[in-house]
Amino acid sequence: MPTGLPAVNSSVASDDEGWVWAQIKAEARRDAESEPALASYLYSTILSHSSLERSLSFHLGNKLCSSTLLSTLLYDLFLNAFSSDPSLRSAAVADLRAARERDPACVSYSHCLLNYKGFLACQAHRVAHLLWRQSRRPLALALHSRIADVFAVDIHPAARIGKGILFDHATGVVVGETAVIGNNVSILHHVTLGGTGKAGGDRHPKIGDGVLIGAGATILGNIKIGEGAKVGAGSVVLIDVPPRTTAVGNPARLVGGKEKPSKHEDVPGESMDHTSFISEWSDYII
Ligand SMILES: CC(=O)SCCNC(=O)CCNC(=O)[C@H](O)C(C)(C)COP(=O)(O)OP(=O)(O)OC[C@H]1O[C@@H](n2cnc3c(N)ncnc32)[C@H](O)[C@@H]1OP(=O)(O)O
Ligand SMILES: N[C@@H](CO)C(=O)O
């Protein structure tokens, strides 16, 4: 598990990143041998590439292209982004590890790289966010639109997302413009991080490190879900959830009572002080 911050100025893959890429190639070779029907696909998508960022750029370009946004244009766009900002690559590796470690259904790194639309939507979102921050907003919004069309995952390009993220199943996930998601967060399908409709400006939820948000949960407003908290499937959360606490129901109640909620001992993944994660990440989450 990577423990440090993204290597912001390093264009050389870390040992850990190199290990994951070598593992992906080994898995693709094995699968191409055992399933000839996939050999050409695995060769063009993984085995013919010299790096994870090239493979990912090729795959995203093919997935997201349209008659007017050509795959070659998207390939260049993604590869330029991954090459200019190596933190994108280290975040992708942390996300691959998150799927392997936190999703019992994930059988291999290549399974996630090729098939997890939540993983692919998240990587493409990070590029859209980079474009947004570079004031290339029409292109960021065009990419956002394609990600929503193709993956059914609607993340506003301004939303800030950490690393080690698992968007499991991912269908119907909606993340609003001023939402912030910390590190090592797991989010199931049909989760909304939305506004209440009653406020402008900074109006979306802030999700702390190591949070689990169950399927169909709706979290509304500029509220904080503390590190290591859990939000039950189908809940509607309108209030802050303290760290390491479970919230369930509609409207959500804190398990154990609002005055004395029961706490979890363990926080999945690496942890960071909840009150500081937004400012700590704001410098380098892209
Ligand atoms: C194909 C697939 O598998 S897709 C995967 C879909 N799965 C998910 O989205 C998982 C989401 N996980 C949940 O909802 C879990 O129940 C969790 C995370 C809330 C459990 O958290 P824990 O802190 O362990 O809570 P615990 O299981 O002890 O339950 C505490 C209370 O909340 C209640 N509760 C648990 N989940 C929910 C829920 N989703 N909605 C309403 N109440 C709930 C329990 O009945 C219990 O009530 P009680 O105190 O009155 O007895
Ligand atoms: N992917 C998770 C939830 O569906 C599992 O297999 O348990």
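Nothing here was measured: the structure is a model prediction, and the numbers come from that model.

## What about empty space enclosed by the protein?
Sizing a probe to match a water molecule and rolling it over the atoms shows the empty space that remains. Overall, the coordinates contain two cavities of 30 Å³ or more when judged by the stated rule. By volume, the second largest cavity amounts to about 30 Å³. Taken together, Asp95, Ala99, Cys112, Tyr116, Phe119, Ile165, Leu166 and Phe167 make up the full set of residues lining the second largest cavity. Of the residues in the lining of the second largest cavity, the class split is seven nonpolar, no polar and one charged.

## Observations regarding the sheet that holds strand E14 (residues 246-248)
Strand order in this open sheet of six strands is E3-E6-E9-E12-E14-E15, and the pairing throughout is mixed. Two strands in the sheet have a free side with no partner beyond their single neighbour: strand E3 (166-167) and strand E15 (253-254). Pairing geometry for strand E9 (residues 212-213) and strand E12 (residues 230-231), over two bridges, is parallel. Residue pairing in the sheet places Ile213 in a bridge with Val231 of E12.

## Focus: the site of ligand 2
What surrounds ligand 2 is the set Asp103, Pro104, Ala105, Asp168 and His169. Here a nitrogen atom of ligand 2 and a side-chain polar atom of Asp103 are 2.7 Å apart. Here His169 contributes a side-chain N or O atom positioned 2.6 Å from an oxygen atom of ligand 2. Notes on ligand 2: free accessible area 230 Å², of which the protein chains cover 58%. Residue composition of the shell around ligand 2, by class: two nonpolar, one polar and two charged.

## Considering the site of ligand 1
For ligand 1, the set of nearby residues contains 15 residues, the closest of which are Gly214, Ala215, Ala233, Thr246 and His264. The backbone of Ala233 places a nitrogen or oxygen atom 2.8 Å from a nitrogen atom of ligand 1. Contact between ligand 1 and Thr246: an oxygen atom at 2.5 Å from a side-chain N or O atom of the residue. Summarising the interface, the protein chains cover 44% of the accessible area of ligand 1, which totals 980 Å² for the free molecule.

## Some words on the sheet that holds strand E5 (residues 180-181)
Reading across from one edge, E2-E5-E8-E11 is the order of the four strands in this open sheet, with parallel pairing throughout. Unpaired on one side and paired on the other, strand E2 (160-161) and strand E11 (224-225) mark the two borders of the sheet. Bridge count between strand E8 (residues 206-207) and E11: two bridges; the pairing is parallel. Counted as the bridge partner of Ile207 is Ile225 from E11.

## Digging into the UniProt feature "domain: Serine acetyltransferase N-terminal" (unreviewed entry) in the protein chain
In this numbering, the UniProt entry assigns the feature "domain: Serine acetyltransferase N-terminal" (unreviewed entry) to residues 20-124. Regarding residues 20-124, the helix share stands at 79% and the strand share at 0%, and the terminal C-alpha atoms are separated by 19 Å.

## Quick word on the pattern of salt bridges
For the structure shown, the criterion picks out 10 salt bridges. In this structure, Arg89 and Glu53 form a salt bridge, with 3.2 Å as the shortest nitrogen-oxygen distance. In this pair, Arg89 is assigned in helix H5 (residues 86-102) and Glu53 in helix H3 (residues 52-64), connecting sequence segments 36 residues apart. Across the pair, exposure class does not vary: Arg89 and Glu53 are buried alike. Close ionic contact of Glu227 with Arg244 constitutes a salt bridge, the shortest N to O distance being 3.5 Å.

## Section: the packing of aromatic side chains
Tallied over the full model, the rule gives one aromatic pair. Note on Trp19 and Tyr109: the rings are 6.0 Å apart at their centroids and 90° apart in plane angle, and the pair reads as edge-to-face. Highlighted residues: Trp19 in helix H1 (residues 15-34) and Tyr109 in helix H6 (residues 109-115), separated in sequence by 90 residues. For Trp19, a relative accessible area of 44% puts it in the partly exposed group. Overall, the relative accessible area of 7% leaves Tyr109 in the buried class. If you follow Arg100 out to its NZ or CZ, it ends over the ring of Tyr109, 5.7 Å from the centre.

What counts and what doesn't
- Residues numbered from 1 in each chain as written.
- Chains lettered and ligands numbered in written order.
- Predicted model: local features only at pLDDT ≥ 70, side-chain atom pairs only at ≥ 80, totals over all residues.
- Heavy atoms only, no water.
- 1 Å grid on protein atoms, 1.4 Å probe; cavity = no way out; pocket = protein on both sides within 12 Å on 5 of 7 lines; lining within 4 Å.
- Points joined across faces, edges and corners; volume = space filled by probe spheres on them.
- Nonpolar A, V, L, I, M, F, W, Y, C, P; charged D, E, K, R; others polar.
- Pairing = 2+ DSSP bridges.
- Helix = DSSP H or I, 4+ residues; strand = E, 2+ residues; numbered from the N terminus.
- Near = heavy atom within 4 Å.
- Polar contact = N/O pair within 3.5 Å; in protein donor to acceptor, adjacent residues only side chain to side chain.
- Areas by Shrake-Rupley, 256 points an atom, 1.4 Å probe, with all protein chains shown as cover.
- UniProt positions renumbered as here; feature names shortened; annotations may be inferred.
- Salt bridge = Lys/Arg side-chain N within 4 Å of Asp/Glu carboxyl O.
- Buried < 20%, exposed > 50% of the residue type's maximum accessible area, 1.4 Å probe, protein only.
- Phe/Tyr/Trp six-rings, centres within 6.5 Å; stacked < 30°, edge-to-face > 60°.
- Lys NZ or Arg CZ within 6 Å of the ring centre and 35° of its normal.

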